[in-house]
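Residue-level structure breakdown
Each chain is listed here by its residues.
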Amino acid sequence: MPSIYKNFINGEWVESASGKTFENRNPANKDEIIGLFQKSNAEDVNRAVESAKSSAEMWRKFPAPKRAEILYRVAEMLIKKKEDFARDMTREMGKVLKETGGDVQEAIDMTYYVAGEGRRLFGDTTPSELPNKFCMSVRIPVGVVAAITPWNFPMAIPSWKIAPALVTGNTVIFKPASDTPLSAVNFVKLFEDAGLPKGVLNMVTGTGTEVGEPLILHKDIKLVSFTGSSDVGRFVATDCAHKMKRCSLEMGGKNAIIVMDDANLDLAIEGAIWGGFGTTGQRCTAASRVVVHKLKAKEFISKFSERAKALKCGDGLLPDTDVGPIINESQLNKVHDYTKTGKGEGAKLLIGGELCTDKGCEKGYFYKPTIFVDVDRNMRIAQEEIFGPTVSIITVGSLDEAIDVVNSIKYGLSSSIYTQDVNKAFVAMRDIYAGITYINSSTIGAEVHLPFGGVNQTGNGHREGGTTALDIFTEWKTLYIDYSGRLQKAQSIE
Ligand code: NAD
């Protein structure tokens, strides 16, 4: 009998009002049930919001350095649990162990980094235009926050939201993706163990429509911090706009690596393999396009496809696996549909393009690393987020053309250029329109203390990570202190 996991509301692990659960299965082996999780509904959401609301006043006044002490304890426990949590994560979502270890590590890094803010949370002081008057600005919490997250970074992304939300004095309702609820339970349990007061962090599992929507629409939610697809993000933004709520959106990507004629080709191939097929291409920052200079195209394509062909699909728990499964059946079908679309559009399928049925892959959602060449920049496979192990190679004749191709999409998250020419690197840094640009490195590798996010339909102007995350989770309050003992009017009004 699989384990049954509960919601976390008001400091207690409780069953859903629906009385129903849903299964979480291993995408590398459909027969393996990871656990049963609460199939929650609006009633559970209401309870969780009520709990977060009733502890908001206490938490807002809880000294920020003391809030941070709880986060430090969480980070320390995460270090001890890293290996176990990585294994659980690989079982529930498939990526290889060293990557799930990296996911947990990112949560450790973020929690430590943000805990440091407990003793900073700097505001500004500035002189007044009037005598005997003092001016400053401080950060105040937004209130009750909804954190809605995707499945591809089951602990890292929740940490990007929960840790900064808590240190800045907000209370939280966390709705994890239904494909990765175990990692969510593992993470939330640590806050309980670290002594977080009850009600400050709540978790409700369930679908986007049954839990996510009522959560967003709840009158007491002040901020929705969402990471996921641009399609769902658009709904979130619309709902929030109607209710005049703040929302921060981190959404899809269609990232590209430029390989110039002067590039260190071996390095570029390493980067393209990692960017294209790491996490089975299921990263918002995945390099699903490679824009290669025509003088290097033949050599690049030949070596890159040889390397990709040698990648081993399999269970991410096995040490020799390079590429884990796709998250679920519908995503597997979507990836395969894009293969058909690419062929139909006239691109040439060089390798892959089919389900992987190698030994050990029979019971999972495995797809072979796939490369298309002769891709036109306007084809759907070059424009749309596939979220699988599919790379489109586009050949260009100049740096300007390469940058134009990189920019010719509706997204704008990550980008990269391989070149040995400092002038070309600086032109790329200036002219690529994206949230992140790497030089001589893949499109992957964000560090928690720098802003993370994208332009166009990848985001709505916010940046997680870095100190910019604080702008999501706080409001600015300006304070004027007049100690003149008389009415003083600004703007020289007598
Ligand atoms: P998704 O949009 O399907 O789901 C994301 C979350 O939203 C899940 O928790 C889901 O249950 C919830 N949701 C779904 N419908 C909802 C609704 N109507 N109302 C409220 N919540 C709802 O995304 P996914 O498949 O879980 O994740 C993959 C996507 O996430 C990709 O597009 C990827 O690029 C993106 N992503 C972006 C970033 C980033 O930082 N930019 C990071 C990781 C993933």
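Before reading on, note that the structure itself is shown above.
Residues numbered from 1 in each chain as written. Predicted model: local features only at pLDDT ≥ 70, side-chain atom pairs only at ≥ 80, totals over all residues. Heavy atoms only, no water.

1. Description of the site of the ligand
Near the ligand lie 27 residues; those nearest to it are Thr149, Lys175, Ser229, Met251 and Glu385. Between the ligand and Ser229 there is a distance of 2.6 Å, counted from an oxygen atom to a side-chain nitrogen or oxygen. Isolated, the ligand exposes 850 Å² of accessible area, and the fraction of that covered by the protein chains is 88%. Of all the secondary-structure elements, those providing two or more residues to the shell around the ligand are helix H6 (208–217) and strand S10 (223–227). The element best represented in the shell around the ligand is H6, accounting for four residues. The residue inventory of the shell around the ligand, partitioned by class, reads 14 nonpolar, nine polar and four charged. Counting residues domain by domain, the shell around the ligand receives three or more from each of domain 1 (7–251 + 459–479) and domain 2 (256–439). (Near = heavy atom within 4 Å. Polar contact = N/O pair within 3.5 Å; in protein donor to acceptor, adjacent residues only side chain to side chain. Areas by Shrake-Rupley, 256 points an atom, 1.4 Å probe, with all protein chains shown as cover. Helix = DSSP H or I, 4+ residues; strand = E, 2+ residues; numbered from the N terminus. Nonpolar A, V, L, I, M, F, W, Y, C, P; charged D, E, K, R; others polar. Domains from an automatic or database assignment.)

2. A few points about the sheet that holds strand S13 (residues 287–293)
Note: strands within a sheet are paired through backbone hydrogen bonds, in either parallel or antiparallel orientation. With mixed pairing, seven strands are arranged side by side in an open sheet as S14-S15-S16-S13-S12-S17-S18. Bordering the open sheet on either side are strand S14 (348–351) and strand S18 (436–439), each of which pairs with just one other strand. The sheet shows a mean angle of 25 degrees between the axes of neighbouring strands, direction not considered. Summarising the sheet, strand S12 (residues 255–259) and strand S17 (residues 414–418) pair through four bridges and their orientation is parallel. Pairing of Ile258 across the sheet is with Ile417, part of S17. (Pairing = 2+ DSSP bridges. Axes fitted to C-alpha atoms, helices over the stretch in contact; angles between N-to-C directions.)

3. Section: the sheet that holds strand S6 (residues 133–141)
The strand order S5-S6-S19 describes an open sheet built from three strands, whose pairing is antiparallel. Since the sheet does not close on itself, it has two edges, and those belong to strand S5 (124–127) and strand S19 (474–482), each with one partner. Pairs of neighbouring strands in the sheet enclose a mean axial angle of 20 degrees, with direction left out of account. Where S5 and S6 come together, four bridges link them in antiparallel fashion. Counterpart to Pro127 in the pairing with S6 is Phe134.

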